[in-house]
Amino acid sequence: MEKNIVVVGCQWGDEGKGKVVDLLAEKADVIARFQGGANAGHTIHAGGKKFILHLIPSGIIHREKICYVGNGVVLDPFGLMDELEVLHAEGIDTEGRLFISSATNLVLPYHKMIDSLDEKKRGGNGLGTTLRGIGPAYRAKVGRFGVRLCDLYTPEKLKERMSVYMEMRPEYFSDSRDERADIDKIYDDLMAIAPKLKSRMTNVSIELLKHYKNGKSILFEGAQGAMLDVDLGTYPFSTSSNTTVGGALTGLGIGPKMIDLVVGVVKAYTTRVGSGPFPTELSDDLGLKLREDGGEFGATTGRPRRTGWLDLVALRHACRVNGVEKIAVTKLDVLDDFEKINVCVGYKLRGEKLSEVPLDLSQLWDVEPVYREFEGWMSPTSHINKFDALPENAKTYLGLIADDLGVGICLVSTGARREETIVV
Ligand code: IMP
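Residues numbered from 1 in each chain as written. Predicted model: local features only at pLDDT ≥ 70, side-chain atom pairs only at ≥ 80, totals over all residues. Heavy atoms only, no water.

A word on the site of the ligand
Stage number 1. Around the ligand, the structure places 15 residues, and the nearest of them are Asn39, Thr130, Thr239, Val273 and Arg303.
Stage number 2. Taking aspartate 14, its side chain carries an N or O atom lying 3.1 Å from a nitrogen atom of the ligand.
Stage number 3. The backbone of valine 273 places a nitrogen or oxygen atom 2.9 Å from an oxygen atom of the ligand.
Stage number 4. Alone, the ligand offers 470 Å² of accessible surface; in the complex the protein occludes 97% of this.
Stage number 5. Looking at the shell around the ligand, its residues break down into 5 nonpolar, 8 polar and 2 charged. (Near = heavy atom within 4 Å. Polar contact = N/O pair within 3.5 Å; in protein donor to acceptor, adjacent residues only side chain to side chain. Areas by Shrake-Rupley, 256 points an atom, 1.4 Å probe, with all protein chains shown as cover. Nonpolar A, V, L, I, M, F, W, Y, C, P; charged D, E, K, R; others polar.)

As structure tokens, this is what we get:
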């Protein structure tokens, strides 16, 4: 496998990136997370335990690896402290091996309050956000009202910056009694954790270049998926960051030559959580079966995920915008007892056939999927650890996906545990 790999989601998130990163992390020296925040929920099953990480790179579970959180992430500092405590309680020491960019913007309690208020105001047209304050924190960042990790160490500036932010938003703050808008409390709470975070603060760009020059192998961990990218996804039903490969460069301060390979994670069917277009959604018993068999409930919010067939048109888009060369296919086992499996190979938009996404991705509301039907394999795959040993129909299914996308398959996951994986 190539040395420095970016792992990105190719659908609407929840593709199983946590497991893929965990597996690839075994061969890496360094793992760096580049965007998103605590909206993510990366699930890892290791040593008989289940870990759900929201902010800390999944590679942290490997005790000797060095992990970085890049400037492209929006970091909830209090959520981070909770996550550190959980890891500590599990005997996973992060001291001296988890570092955060000094330029990382913080998600503060009032960002979460604004997230909830905005969703309420949108009423029935809400985005279905995770309510983790992600949109408001990125908005503050690009509006240049953000609070960054390094600001915790110039307290006078910090308080002033928070005050100006609030004064300029009377619609949220003028008569708010929500304790999440209590600036004195937020300030005190930040001051209480600042000393604990200081030794973790670093210039991630400089550190990664050092590792690179020393011949270390770096794994770049993305969150969410291509179809949720703020520029390239189903805007406005997207998240607020660049979930695609460009986000790794700006979110960590690295050059493109540091990347040898982009691995796209593709779930064997499709899910989406929150609002927005989803052409292959199944609103019938088959959709329910996918949800139940796949355990499709949000790792962050617990919300039931919407489910549907694999969408090759969306995947063509995801692979193109990311330069994906290899894919890791996850949750193949969930399809083990489907007699027939559909794959969307094109769309119809008002009578016109499309093999690529329309110019305006919001037209995904109106497209009709064109399906190709496959015979299911109707036998368990979880115990299989060689590609050739997979049922013929499963190989045909995977072969079609890889051929259509013009990519290789590097991993097939057939269960939550590390052992339930086929390395190709
Ligand atoms: P936000 O990122 O919380 O603002 O949510 C915006 C949209 O992205 C909503 O539809 C969320 O459900 C979705 N979303 C955000 N993070 C994830 C994720 O990690 N997995 C799946 N969907 C996500």
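Structural notes on the environment of lysine 289
Stage number 1. Topologically, lysine 289 is positioned in helix α10 (residues 285–294).
Stage number 2. Overall, lysine 289 belongs to the partly exposed group, its relative accessible area being 25%.
Stage number 3. Considered as a pair, lysine 289 and lysine 216 are 73 residues apart in the sequence and their alpha carbons are 44 Å apart.
Stage number 4. In this structure, lysine 289 is in contact with Gly294, Asp337 and Phe338, ignoring residues within four places of it in sequence. (Helix = DSSP H or I, 4+ residues; strand = E, 2+ residues; numbered from the N terminus. Buried < 20%, exposed > 50% of the residue type's maximum accessible area, 1.4 Å probe, protein only. Contact = heavy atoms within 4.5 Å.)

Observations concerning the side chain of lysine 395
Stage number 1. Looking at the element boundaries, lysine 395 is found in helix α12 (residues 392–405).
Stage number 2. Residue class for lysine 395 comes out buried when judged on its relative accessible area of 18%.
Stage number 3. Sequence-distant contacts of lysine 395, defined by excluding residues within four places in its chain, comprise Phe387, Asp388 and Leu390.

Topic: the pairing of strand β19 (residues 408–413)
Stage number 1. Most of β19 is tucked away: 5 of the 6 residues are buried.
Stage number 2. Sheet topology note: the strand β15 (residues 326–330)/β19 ladder contains 4 bridges and is parallel. By the bridge assignment for β19, alanine 328 is matched with leucine 411. (Pairing = 2+ DSSP bridges.)

Things to note about the state of the cysteines
Stage number 1. The full count for this structure, using the stated rule, is 0 disulfides.
Stage number 2. Of all cysteine sulfurs, the one in cysteine 319 lies closest to cysteine 344, which takes part in no disulfide; the gap is 14 Å. (Disulfide = S-S within 2.5 Å.)

Notes on helix α3 (residues 109–122)
Stage number 1. Compared with the 20 Å implied by 1.5 Å per residue over 14 residues, the 20 Å span of α3 between its first and last C-alpha is a close match.
Stage number 2. Within α3, burial applies to Pro109, Tyr110, His111, Met113, Ile114, Asp115, Ser116, Asp118 and Glu119.
Stage number 3. Tucked into the core, α3 has its buried residues touching α2 (77–89), β8 (105–106), α4 (134–142), α5 (155–167), α6 (170–173) and α7 (183–198).
Stage number 4. In the stretch just after α3, glycine 123 is the one whose phi turns positive, near 55°. (Expected span 1.5 Å × (residues − 1).)

Examining the domain arrangement of the chain
Stage number 1. Taken domain by domain, the chain holds domain 1 (5–100 + 201–262), domain 2 (105–197) and domain 3 (266–423).
Stage number 2. Taking only C-alpha atoms into account, the centre of domain 2 sits 37 Å from that of domain 3.
Stage number 3. With both chains or domains summed, domain 2 and domain 3 bury close to 370 Å², and 40% of this area falls on carbon and sulfur atoms.
Stage number 4. The largest per-residue losses of area from domain 2 upon contact with domain 3 belong to Gly128, Thr130 and Arg132, which jointly make up 71% of the total buried on that side.
Stage number 5. For the pair domain 2 and domain 3, the number of links is 0 salt bridges.
Stage number 6. On inspection of domain 2 and its partner domain 3, the count reaches 4 residue pairs in polar contact (both at pLDDT 80 or more).
Stage number 7. Classifying every residue of the side of domain 2 that touches domain 3 gives 1 nonpolar, 4 polar and 1 charged. (Domains from an automatic or database assignment. Buried area = accessible area lost by both parts, 1.4 Å probe. Salt bridge = Lys/Arg side-chain N within 4 Å of Asp/Glu carboxyl O.)

Re the environment of aspartate 231
Stage number 1. Structurally, aspartate 231 can be placed in the loop between β10 (218–221) and α9 (246–250).
Stage number 2. Here asparagine 242 takes part through its side chain, which lies 2.8 Å from a polar atom of the side chain of aspartate 231.

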